[in-house]
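Chain residues, written in single-letter form:
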Amino acid sequence: YEKKSPACIDVKSAAQEVANRRQLTTVCDECLLVGACTTGLTPAWKRVLAKYKVTYKTLEAGIPQKDEDSNGSGWLAGLTAAKADEDRPFGSAVTKTTFPSAAIIAQSMESKTIEPTHLILSLLRYEMDQKSEAYALFARVADNDDACTKEQVLTDYLDRLDESSKDHVTAGGGSSES
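Everything in this summary refers to the structure shown in the same document. (Residues numbered from 1 in each chain as written. Predicted model: local features only at pLDDT ≥ 70, side-chain atom pairs only at ≥ 80, totals over all residues. Heavy atoms only, no water.)

As for the nonpolar core
Then comes step 1: In this structure, Cys31, Trp45 and Phe138 are the most contacted members of the largest nonpolar core, which totals 46 residues.
Then comes step 2: Sorting the residues of this core by element identifies helix 1 (6-21), helix 2 (29-38), helix 3 (43-51), helix 5 (92-108), helix 6 (116-123), helix 7 (133-141) and helix 8 (150-171) as the ones contributing at least two each.
Then comes step 3: The residues touching Trp45, leaving out its near neighbours within four places in the chain, are Leu33, Ala36, Cys37, Ile120, Leu124, Phe138 and Tyr157. (Core = buried A, V, L, I, M, F, W, Y, C linked by side-chain atoms within 4.5 Å. Buried < 20%, exposed > 50% of the residue type's maximum accessible area, 1.4 Å probe, protein only. Helix = DSSP H or I, 4+ residues; strand = E, 2+ residues; numbered from the N terminus. Contact = heavy atoms within 4.5 Å.)

Quick look at the structure:
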């Protein structure tokens, strides 16, 4: 189940650009989160970002410049995994957890493709008791960090997804009371 929507592919491309700008050796979850804030924005995600006063600029600024393992010392000092304009590979957390989890979420939501919504839920480790580096970055830059628990951010996002789907149904002339 690897079919990604064009919007999801745009998020991946934006994440690679972030990794390039930050001179990282791989594309990490944090880069994907920034990518999800620059392209493929759903109304629900926009509302969550606004509530916590999070922007792609504040998120990207929160990602350290260069990896610790980017050959910063020894005889390979100064070399990075790729030139500034070359795409970095996706890191192991992305390929082993984030993308497979997004596919499972897409299937459970009966979607034919993986959408940015599924990727965001995966980045926040929806229904997983795993640490989320993407959420940790979100929490660091959020202006409202007292109420910014992972569970609260997920609840806010899911509630707004529900609102968006109701808005979509009622905008088409149907009723949300069916």
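A short note on the environment of Ala14
Then comes step 1: Within the fold, Ala14 resides in helix 1.
Then comes step 2: Separated by 22 residues in sequence, Ala14 and Ala36 place their C-alpha atoms 7.9 Å apart.
Then comes step 3: With residues near it in sequence (within four places) discarded, Ala14 still touches Gly35, Thr38 and Thr39.

Focus on the packing of aromatic side chains
Then comes step 1: Tallying each qualifying case throughout the model produces four aromatic pairs.
Then comes step 2: Centre to centre, the rings of Trp45 and Phe138 are 6.0 Å apart; their planes meet at 35°, and the pair counts as tilted. Here Trp45 is found in helix 3, whereas its partner Phe138 is found in helix 7, with 93 residues between them in sequence.
Then comes step 3: Between Phe90 and Phe99, the ring centres sit 5.3 Å apart and the planes meet at 65°, which makes this aromatic pair edge-to-face.
Then comes step 4: What makes Phe99 buried here is its relative accessible area of 9%.
Then comes step 5: What links up through ring pairs into an aromatic cluster is the set Trp45, Tyr52, Phe138 and Tyr157.
Then comes step 6: Cation over ring: Lys4 sits above Phe99, and NZ or CZ is 5.0 Å from the ring centre. (Phe/Tyr/Trp six-rings, centres within 6.5 Å; stacked < 30°, edge-to-face > 60°. Lys NZ or Arg CZ within 6 Å of the ring centre and 35° of its normal.)

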